[in-house]
Amino acid sequence: MSATKPFNIPKTLVAAAFRAVKNSAGGAGIDKETIGQFESKLKDNLYKIWNRMSSGTYFPPPVKAVAIPKKSGGERLLGVPTVSDRVAQMVVKMALEPVLEPVFLPNSYGYRPEKSALDAVAITRERCWKYDWVLEFDIEALFDNIDHGLLLKALDKHTDCKWVRLYIERWLTAPLQLADGTLVRRTRGTPQGGVVSPLLANLFLHYAFDVWMTRTYPKAPWCRYADDGLVHCESMKEAQEIRLALEVRFAACGLQMHPAKTKIVYCKDANRTGTHEYEFRGRYVKNPKTGNLFTGFTAAVSPASLMAMHRKARRLNYRNRTDLSLQAIASKLNPILRGWIAYYGRFQPSALGPLYRHINKSLVAWTMRKHKRFRTSKTRAGAFLQKVSRKCPHLFAHWKLGTEACLLDGSGVS
């Protein structure tokens, strides 16, 4: 420790924090400074952050409030810190995460390195074959309602690093600045959008749910992804009992389950459960050994996610981009398509069929606008693209899958 600095924070940690922030991108905070502008004076900016954090004089500025639409309707307030503050938060995250990661339980999947929503879906899919009942829960406005006292108590249990504790406490109480400049003081919660907030939310729920659930109901497997999760039960009675107990537990921690998104599901019928991006319900599944169909409770892309992809595809508006060639459209669209296919097509690829058909119809519409000879005939435009897809099946990411839903049938309606 320096004789003049109360806290020993390595300069290399601050530099690594900036690289992580830069890789994550993100918009400007209340000071309107972009990552590029911050980087233009990188040495001076990083020194200021290191100097203030090391001396204990770093105080976070207010967090910019940005309203973003929810998939389910309405809006949620996202807190956008300044670039400097994101770097400072990343310094603390990089110091704290290696301490907390070994403590967190394996059935917690959200906001953790080497874990993803697909991992959560995979384990849920496996357990749905073994347990007939599922309690699906969603915590309402988790980031807005985290109790500061309980969170800091949990933090003290795992670290005695004074500067980590000091700056987390300051971030918890940093005000939110609304679009009109009004400052909103915060006595609960941690800004959704802050670099360190997801780690703090996981720490809070580690004790509010994970540890409590494992101790109280050791025979009921659970899976949590951020603020929602699933508990697998052997009977409806057990699911109802756990739901009531969980309501009491969350209330004691200052939290509440979302009344509309929390439900009990019977896995052997057509009811639905799962994450916001995936849904589980009864579907016809082919036995890989016999080829026979049976009804299985399996995962596939949710209708909400499918609709969101449709909306994005429409916003891209490639059907009207007659200034582009087909190859240029493919080069722009394929990275997006490959991401959707890899993420949403992992468990039930055929469920993406409506998306592929929508894209093919858009390509037919583009062909009719681009080439005069196809302007009056959707069938001829479809036949043209069908020839292209046979000759160049790898041109578009979904064409090369070769399934019926991915290909054009020559009529313009695939």
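Our structure is the block above this text.
Residues numbered from 1 in each chain as written. Predicted model: local features only at pLDDT ≥ 70, side-chain atom pairs only at ≥ 80, totals over all residues. Heavy atoms only, no water.

Undergrad: Quick rundown of the layout of surface pockets? Include the residues and the values.
TA: Estimated volume of the second largest pocket: approximately 340 Å³. Ile68, Pro69, Arg76, Leu78, Tyr111, Phe143, Gln192, Gly193 and Pro198 are the residues that line the second largest pocket. Elements supplying a minimum of two residues to the lining of the second largest pocket: strand 1 (63-69) and strand 2 (75-80). For the lining of the second largest pocket, the residue count by class is six nonpolar, two polar and one charged. (1 Å grid on protein atoms, 1.4 Å probe; cavity = no way out; pocket = protein on both sides within 12 Å on 5 of 7 lines; lining within 4 Å. Points joined across faces, edges and corners; volume = space filled by probe spheres on them. Helix = DSSP H or I, 4+ residues; strand = E, 2+ residues; numbered from the N terminus. Nonpolar A, V, L, I, M, F, W, Y, C, P; charged D, E, K, R; others polar.)

Undergrad: I'd like a rundown of empty space enclosed by the protein, residues and numbers included.
TA: For the coordinates displayed, the defined rule picks out one cavity of 30 Å³ or more. The volume enclosed by the largest cavity comes to roughly 50 Å³. In this structure, the largest cavity is lined by Val63, Pro81, Asp85, Gln89, Trp171, Ala174, Arg186, Thr190, Pro191, Gly194, Val196 and Ser197. Considered class by class, the residues forming the lining of the largest cavity number six nonpolar, four polar and two charged.

Undergrad: Quick rundown of the pairing of strand 6 (residues 222-225)? Include the residues and the values.
TA: Here four bridges tie strand 6 to strand 7 (residues 228-233), and the two strands are oriented antiparallel to one another. Paired with arginine 224 across the bridge in strand 7 is glycine 229. Here strand 6 folds back onto strand 7 in antiparallel fashion, the turn holding two residues, of which alanine 226 has a positive phi close to 60°. (Pairing = 2+ DSSP bridges.)

Undergrad: Explain the pairing of strand 3 (residues 133-138) residue by residue, including any values.
TA: Within strand 3, six of the six residues are buried, which leaves the element mostly enclosed by the surrounding structure. Burial along strand 3 is two-sided: Trp133, Leu135 and Phe137 and Val134, Glu136 and Asp138, pointing in opposite directions, are all buried. Judged from the six bridges that link them, strand 3 and strand 7 form a sheet pairing that is antiparallel. Paired with phenylalanine 137 across the strands is glycine 229, a residue of strand 7. One ladder, built from four bridges, connects strand 3 with strand 8 (residues 263-266); its direction is antiparallel. Bridging from a neighbouring strand, valine 134 pairs with valine 265 of strand 8. (Buried < 20%, exposed > 50% of the residue type's maximum accessible area, 1.4 Å probe, protein only.)

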